Amino acid sequence: TDMFAVCHALETVDLSSFDTARVELMGGMFEHCTSLRELELGNFNTANVTNMAGMFAHCESLTRLDLSSFRTPNLTLMVYMFDGCRSLTEVDLSGFDTSHVTSMGYLFRDCDSLTELDLSHFDMSSVSGDYCTYKMFHNCPAGKDWKHLLK
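Residues numbered from 1 in each chain as written. Predicted model: local features only at pLDDT ≥ 70, side-chain atom pairs only at ≥ 80, totals over all residues. Heavy atoms only, no water.

Undergrad: How would you summarise the layout of surface pockets if you had to cite specific residues and measurements?
TA: Approximately 160 Å³ is the volume attributed to the largest pocket. Lining the largest pocket, in full, are Arg37, Glu38, Leu39, Glu40, Leu41, Gly42, Arg64, Leu65, Asp66, Ser68 and Ser69. Of all the elements in the fold, those that place two or more residues in the lining of the largest pocket are strand S2 (38–40) and strand S3 (64–66). Classifying every residue of the lining of the largest pocket gives 3 nonpolar, 3 polar and 5 charged. (1 Å grid on protein atoms, 1.4 Å probe; cavity = no way out; pocket = protein on both sides within 12 Å on 5 of 7 lines; lining within 4 Å. Points joined across faces, edges and corners; volume = space filled by probe spheres on them. Helix = DSSP H or I, 4+ residues; strand = E, 2+ residues; numbered from the N terminus. Nonpolar A, V, L, I, M, F, W, Y, C, P; charged D, E, K, R; others polar.)

Undergrad: For the nonpolar core, give the residues involved together with the corresponding values.
TA: Of all hydrophobic cores here, the largest spans 45 residues; its most connected members are Phe30, Phe56, Leu67, Met81, Phe82, Phe96 and Phe108. If near-sequence neighbours (up to four positions away) are discounted, phenylalanine 56 is found in contact with Phe30, Leu39, Leu41, Leu65, Leu67, Met81, Phe82 and Cys85. (Core = buried A, V, L, I, M, F, W, Y, C linked by side-chain atoms within 4.5 Å. Buried < 20%, exposed > 50% of the residue type's maximum accessible area, 1.4 Å probe, protein only. Contact = heavy atoms within 4.5 Å.)

Undergrad: Report on the packing of aromatic side chains, specifying residues and quantitative values.
TA: Within this structure, the stated rule accounts for 10 aromatic pairs. Judged by centre distance (5.9 Å) and plane angle (20°), the rings of phenylalanine 70 and phenylalanine 96 are stacked. On the criterion of sequence distance, the pair formed by phenylalanine 70 in the loop between S3 and strand S4 (90–92) and phenylalanine 96 in the segment after S4 is long-range, its members being 26 residues apart. Using a relative accessible area of 0% as the deciding quantity, one classes phenylalanine 70 as buried. According to the relative accessible area criterion, phenylalanine 96 is buried, its value standing at 4%. With centroids separated by 5.3 Å and ring planes inclined at 15°, the aromatic side chains of phenylalanine 108 and phenylalanine 137 adopt a geometry described as stacked. Of the two residues, phenylalanine 108 is situated in the segment after S4 and phenylalanine 137 in the segment after S4; the sequence distance between them amounts to 29 residues. With relative accessibility at 8%, the residue phenylalanine 137 sits in the buried group. Pairwise contacts between aromatic rings join Phe4, Phe30, Phe56, Phe82, Phe108 and Phe137 into one cluster. (Phe/Tyr/Trp six-rings, centres within 6.5 Å; stacked < 30°, edge-to-face > 60°.)

Encoded structure:
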């Protein structure tokens, strides 16, 4: 949790050799890394992670994020995960298992450059109540009709 948070000067980081097999909490890991442009997480083992809340929140310079290798069978919390990622134009979440996620509020809030997003594989059966999706796509063009993005 919060491992690189508020590293304003951090521009690039390659963490593909990190052993994350026993990690359960990744919340806020890169939060407020406002200069971060490139991030390599290709070999992250996320099978035991339950919390990714705010993981990339306010990474304002990040334009592309490939999280297709993430496997998340135990993930329960995604709130604020990409909140304030204003330059983000592409994010691949195709490997995500969201069947146990209970809260996605503010997930893509203020991602004003994100115009396309494929969430057709998202399972929101464990998300309940309006607050759990509150402002999920606020100021995010990709989520204009967000309920149509989901199955």
